[in-house]
Amino acid sequence: MEEAIEKSGDAMNPATWVEEHGDYLFRYALSRLRDAESAEEVVQEMFLAGLRHAGQFAGRGTDRAWLLGILKRKIVDYIRKRSRASNLSTSGDENDPSDMLFDQTGSWRAEFRRGSDRPLDSLERKEFWDVLRKCLDGLTPRQADVFTLREMEQLTTEEICKELEISTSNLWVLLHRARLRLSVCMKSRWQNEVE
């Protein structure tokens, strides 16, 4: 490992990574994984991978950006492993919120539409993320994983399907259900916590 550090020269100083970037990278991982223990695990794996591959740092960006790239890959790997380990099926979701939000023709119900026109630009960022994190915790692990990979990590449909070994139609069903549940949860929690 020391050889890799020496090769990287003055452009990178792994001895300062934890102090300079540790909190930021931990918060990033926590926002994606929603579990402190899991976030610590992937950040530690990221630091080890960074040390092992420090010689590959081309110096075209900052240490933090390079480490963040490694961390994103570790997060995807962690979600993929967690998904494989859990034997959850996407069928049998009782209390499907689509019944509450949509009528039989697939149109939004009028009573839901009336209360959802509150502008989001006035929301404070921290409060929004706190509410979103709580709502993500209420999803099934698989729904939370696909939502995180799609909306937060911005992976493509093909990448998510490959990582989680699911079909495109299964992905869209999971995303649809996750978005519906998040919509209901965000609306109710936001009204309770802000008002």
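Rules behind the numbers
Residues numbered from 1 in each chain as written. Predicted model: local features only at pLDDT ≥ 70, side-chain atom pairs only at ≥ 80, totals over all residues. Heavy atoms only, no water. Core = buried A, V, L, I, M, F, W, Y, C linked by side-chain atoms within 4.5 Å. Buried < 20%, exposed > 50% of the residue type's maximum accessible area, 1.4 Å probe, protein only. Helix = DSSP H or I, 4+ residues; strand = E, 2+ residues; numbered from the N terminus. Contact = heavy atoms within 4.5 Å. Axes fitted to C-alpha atoms, helices over the stretch in contact; angles between N-to-C directions. Parallel < 35°, antiparallel > 145°, perpendicular 65-115°, else oblique. Left-handed = near helix turned anticlockwise from the far one by under 90°. Nonpolar A, V, L, I, M, F, W, Y, C, P; charged D, E, K, R; others polar. 1 Å grid on protein atoms, 1.4 Å probe; cavity = no way out; pocket = protein on both sides within 12 Å on 5 of 7 lines; lining within 4 Å. Points joined across faces, edges and corners; volume = space filled by probe spheres on them. Phe/Tyr/Trp six-rings, centres within 6.5 Å; stacked < 30°, edge-to-face > 60°. Lys NZ or Arg CZ within 6 Å of the ring centre and 35° of its normal.

Asks: Whenever I open this one, the nonpolar core confuses me. Can you help?
Replies: Taken as a class, soluble globular proteins show a tendency for nonpolar side chains to be buried jointly. Judged by nonpolar contacts, the single largest core of 33 residues is most densely connected at Met46, Leu71, Ile75 and Val146. Looking at this core, the elements that each hand over two or more residues are helix H2 (17-33), helix H3 (36-52), helix H4 (63-85), helix H8 (141-152), helix H9 (157-164) and helix H10 (168-194). Looking at which element gives the most residues to this core, the answer is H4, with 9 residues. Discounting residues that sit within four places of it in the chain, Met46 has contacts with Leu25, Leu67, Ile70, Leu71 and Lys74. Counting residues in each nonpolar core, the second largest holds 12 residues, with Val131, Leu139, Cys185 and Met186 among its members.

Asks: Hey, could you run me through the packing of H3 against H4 in this one?
Replies: Pairs of packed helices are described in terms of their axes, by the angle between the two and the distance that separates them. In contact at an axis separation of 9 Å, H3 and H4 are set at 130 degrees when each is read in the N-to-C sense. Classified by the angle between their axes, H3 and H4 sit oblique to one another. Classified by chirality, the crossing of H4 by H3 is right-handed. Here Ser38, Glu41, Val42, Val43, Glu45, Met46, Phe47, Ala49 and Gly50 of H3 lie close against H4, whose contacting residues are Trp66, Leu67, Ile70, Leu71, Lys74, Ile75 and Tyr78. Residue composition of the contact of H3 with H4, by class: 11 nonpolar, 2 polar and 3 charged.

Asks: Help me understand the layout of surface pockets in this model?
Replies: With a probe scaled to a water molecule rolled over the atoms, the places where space remains empty come into view. In this model, the second largest pocket occupies a volume close to 270 Å³. Taken together, 11 residues form the lining of the second largest pocket, with Arg27, Tyr28, Ser31, Arg32 and Arg133 sitting closest to its centre. Elements with a minimum of two residues in the lining of the second largest pocket: H2 and helix H7 (125-137). Looking at the lining of the second largest pocket, the element that brings in the most residues is H2, giving 7 residues. When grouped by side-chain class, the residues that make up the lining of the second largest pocket number 5 nonpolar, 1 polar and 5 charged.

Asks: Honestly, the packing of aromatic side chains in this entry has me stumped. Any pointers?
Replies: Given two aromatic rings, their pairing is described by the distance between the two centres and the angle made by the two planes. The final tally for this structure, using the stated rule, is 3 aromatic pairs. Ring centres of Trp17 and Phe47 lie 6.5 Å apart, and the angle between their planes is 20 degrees; on these two criteria the pair is classed as stacked. Of this pair, Trp17 sits in helix H2 while Phe47 is found in helix H3, placing the two residues 30 residues apart along the sequence. Overall, the relative accessible area of 13% leaves Phe47 in the buried class. Ring geometry for Phe57 against Trp66: centres 5.4 Å apart, planes inclined by 70 degrees, an arrangement best described as edge-to-face. The exposure classification of Phe57 matches that of Trp66, with both residues buried. Taken together, the ring pairs connect Trp17, Phe47, Phe57 and Trp66 into an aromatic cluster. One residue, Arg32, lies across the ring of Tyr28, its end atom 4.0 Å from the ring centre. The side chain of Arg64 reaches across the aromatic face of Tyr24, ending 4.4 Å from its centre.

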